[in-house]
Amino acid sequence: MRDLPAFAQEIRNCLKNPDLDCKDLVDFLILPVQRIPRYVMLLQDLRKYTPSSHPDFTPLQEALVKMKEFATNINQMKRAYERVAYLKDHISGTKDLEAVGRVLLHEGELRSKRSDRSEHILLFNILIL
């Protein structure tokens with residue numbers, strides 16, 4: 001936008017004008033995430049109003065199951081990402097926790113059989129903390 005001052009000014013004007021209902025980039029980035037639950041609700045409604053004898057009933061049911069699994073996976077990945085971001089902010093020396101391809105697999109207490117000591121362990125796909 002530095003090279004296009006007129007364009008940048010137009011964007012600023014748009015964002016300031018409440019009548020235009022201009023959206024910020026963050027508003028658009030959340031849209032794909034919001035679609036998944038909407039698809040689940042749409043498929044549930046379609047199944048509800050589709051007779052079980054209809055040829056599309058079984059594929060509709062299968063699509064609903066797959067979409068619910070997909071939504072669950074997205075939620076789990078989001079929670080794991082949020083947990084890693086939290087850990088990065090609260091544990092010193094962990095700035096690279098969010099590296100591409102690094103996945104938090106498990107978190108929990110590890111107890112030694114030789115002593116009563118236990119450690120909180122973070123198991124990533126390529127590292128143990």
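Residues numbered from 1 in each chain as written. Predicted model: local features only at pLDDT ≥ 70, side-chain atom pairs only at ≥ 80, totals over all residues. Heavy atoms only, no water.

*Asks:* It is not clear to me how the overall build of the protein should be interpreted in this structure. Could you clarify?
*Replies:* Helices and strands together make up the secondary structure of the protein, namely four helices and two strands. Secondary structure elements of the protein, listed N to C terminal, follow the sequence α-α-α-α-β-β. Looking at the protein residue by residue over its 129 residues, the buried ones come to 15%. At a minimum sequence separation of 6, the contacts of the protein that also span at least 24 residues come to 24%. Split by element, the accessible area of the protein, about 10,900 Å² in all, is 57% carbon and sulfur. (Helix = DSSP H or I, 4+ residues; strand = E, 2+ residues; numbered from the N terminus. Buried < 20%, exposed > 50% of the residue type's maximum accessible area, 1.4 Å probe, protein only. Contact = heavy atoms within 4.5 Å. Areas by Shrake-Rupley, 256 points an atom, 1.4 Å probe, with all protein chains shown as cover.)

*Asks:* Where do I start with the side chain of threonine 50 in this structure?
*Replies:* Within the secondary structure, threonine 50 sits in the loop between helix H3 (31-48) and helix H4 (57-90). Exposure remark for threonine 50: the relative accessible area of 17% places this residue in the buried category. Ignoring anything within four residues of it in the chain, the contact list for threonine 50 reads Phe57 and Leu60.

*Asks:* For this particular structure, what's the right way to read the pairing of strand S2 (residues 118-124)?
*Replies:* For a regular strand, side chains alternate in direction, first toward one face of the sheet and then toward the other. Across seven bridges, strand S1 (residues 104-111) lies against S2 in antiparallel orientation. By the bridge assignment for S2, glycine 108 is matched with isoleucine 121. The loop that links S1 with its antiparallel partner S2 comprises six residues. (Pairing = 2+ DSSP bridges.)

*Asks:* Honestly, H3 in this entry has me stumped. Any pointers?
*Replies:* A turn of α-helix holds 3.6 residues, and therefore any two residues three or four places apart point the same way. Its 18 residues give H3 an end-to-end C-alpha distance of 26 Å, which sits within 8% of 26 Å, the value for a rise of 1.5 Å per residue. Looking only at H3, the buried set comprises Ile36, Val40 and Leu43. Buried residues belonging to H3 abut H4. (Expected span 1.5 Å × (residues − 1).)

*Asks:* Where do I start with the nonpolar core in this structure?
*Replies:* One recurring pattern in soluble globular proteins is that nonpolar side chains are buried together. Core analysis: the biggest nonpolar cluster contains seven residues, these being Ile36, Val40, Leu43, Leu60, Leu64, Met67 and Ala71. For this core, the secondary-structure elements that each account for two or more residues are H3 and H4. In terms of residue count, the dominant contributor to this core is H4 (four residues). Residues contacting leucine 64, with those up to four places away along its chain left out, are Val40, Leu43, Gln44 and Arg47. Membership of the second largest hydrophobic core comes to five residues, among which are Leu87, Leu104, Leu122 and Phe124. (Core = buried A, V, L, I, M, F, W, Y, C linked by side-chain atoms within 4.5 Å.)

*Asks:* Explanation requested: the pattern of salt bridges in the structure shown.
*Replies:* If the charged atoms of two oppositely charged side chains come close together, the side chains can form a pair. Inspection of the entire model under this criterion finds two salt bridges. Residue lysine 78 pairs with glutamate 82 through a salt bridge whose shortest N-O separation is 3.1 Å. Linking lysine 78 with glutamate 82, this pair stays in helix H4, spanning four residues, or about one helical turn. Residue class for lysine 78 comes out partly exposed when judged on its relative accessible area of 45%. Across the pair arginine 117 and glutamate 119 runs a salt bridge, and its minimum N-O distance is 2.6 Å. Judged by relative accessible area, glutamate 119 falls into the partly exposed class, the value being 36%. (Salt bridge = Lys/Arg side-chain N within 4 Å of Asp/Glu carboxyl O.)

*Asks:* Which parts of the structure should I look at to understand the packing of H3 against H4?
*Replies:* When two helices pack together, their arrangement is given by the angle between the helix axes and by the axis-to-axis distance. Orientation of H3 relative to H4, taken along the N-to-C sense of each, is 155°, at an axis distance of 9 Å. In terms of orientation, H3 lies roughly antiparallel with respect to H4. The crossing of H3 and H4 is left-handed. Only Phe57, Leu60, Gln61, Ala63, Leu64, Met67, Lys68, Phe70, Ala71 and Ile74 of H4 make contact with H3, whose side of the interface consists of Ile36, Tyr39, Val40, Leu43, Gln44, Leu46 and Arg47. Among the residues making up the contact of H3 with H4, the classes are represented as 13 nonpolar, two polar and two charged. (Axes fitted to C-alpha atoms, helices over the stretch in contact; angles between N-to-C directions. Parallel < 35°, antiparallel > 145°, perpendicular 65-115°, else oblique. Left-handed = near helix turned anticlockwise from the far one by under 90°. Nonpolar A, V, L, I, M, F, W, Y, C, P; charged D, E, K, R; others polar.)

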